[in-house]
Amino acid sequence: LIVTGPRRGMLAGSALQPHLAVPFGDMMLAGCFGLVASIAELLPELADPIRASLAGQNVDRAPWDLD
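For every chain, the first residue of its written sequence is number 1, and the numbers climb from 1 along that sequence. In keeping with the model being predicted, local features are shown solely for residues with a pLDDT of at least 70 and side-chain atom pairs are shown and tallied solely at 80 or more, while totals for entire chains, interfaces and linings include all residues. The side-chain quantities take in all heavy atoms of the structure and omit both hydrogens and water.

Caption draft 1: Representation of helix H1 (residues 30–42) in the model. Counting from the N terminus, the helices are the DSSP runs of H or I reaching at least four residues and the strands are the DSSP runs of E reaching at least two. To estimate the expected span of a helix, count its residues, drop one, and scale the result by 1.5 Å. The end-to-end C-alpha distance of H1 is 19 Å, a good match for the 18 Å that 13 residues give at a rise of 1.5 Å each. Every buried residue of H1 is listed here: Phe 33, Val 36 and Ala 40. For H1, the buried positions fall inside an angular range of 60° around the axis, keeping them on one side. Turned more than 90 degrees away from the buried face of H1, the exposed residues are Leu 35, Glu 41 and Leu 42. The criterion used for residue contact is that any of the two residues' heavy atoms lie within 4.5 Å. Check the buried side of H1 and you find it contacts helix H2 (44–54). For each residue, the accessible area found with a 1.4 Å probe, counting protein chains only, is set against the maximum for its type, and the residue is called buried under 20%, exposed over 50%, and partly exposed in between. Working note: the arc is built from the helix axis to C-beta atom directions.

Quick look at the structure:
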């Protein structure tokens, strides 16, 4: 179960084990993260760091901070 929306907290601790669909907890940025993910599809040289960051592997920085 994937959850979005301002009342998504109602399912916290639910037996349904929902996945919050918005990276970094801000649903107003969901579209922006989608655009960043689409860059990974268009520019192969950036694909690995973008995907790693969006997957939470680079927790010390946001997906757009590609050193």
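Once the structure has been displayed, the description carries forward.
Caption draft 2: The pattern of salt bridges, seen in detail. Any Lys or Arg side-chain nitrogen found within 4 Å of a carboxyl oxygen on Asp or Glu counts as a salt bridge. Tallying each qualifying case throughout the model produces 1 salt bridge. We note a salt bridge from Glu 41 to Arg 51, for which the minimum N-O separation is 2.7 Å. Of this pair, Glu 41 sits in helix H1 while Arg 51 sits in helix H2, and the two are 10 residues apart along the sequence.

Caption draft 3: Focus on the packing of H1 against H2. For the pair H1 and H2, the least separation of the axes is 6 Å and the interaxial angle reads 145°. The interaxial crossing formed by H1 with H2 has left-handed handedness. For the pair H1 and H2, contact is made by Phe 33, Val 36, Ala 37, Ile 39, Ala 40, Glu 41 and Leu 42 and by Pro 44, Leu 46, Ala 47, Ile 50, Arg 51 and Leu 54, respectively. Residue composition of the contact of H1 with H2, by class: 11 nonpolar, no polar and 2 charged. Note on definitions: angles span 0 to 180 degrees between N-to-C directions of axes, and those axes are lines fitted to C-alpha atoms, for helices only across the stretch in contact. When the near helix sits turned anticlockwise from the far one by under a right angle, the crossing is termed left-handed; a clockwise turn instead gives a right-handed crossing. Any residue outside Ala, Val, Leu, Ile, Met, Phe, Trp, Tyr, Cys, Pro, Asp, Glu, Lys and Arg is labelled polar, Gly included; the first ten of those are nonpolar and the last four are charged.

Geometric values such as these leave the question of function open.
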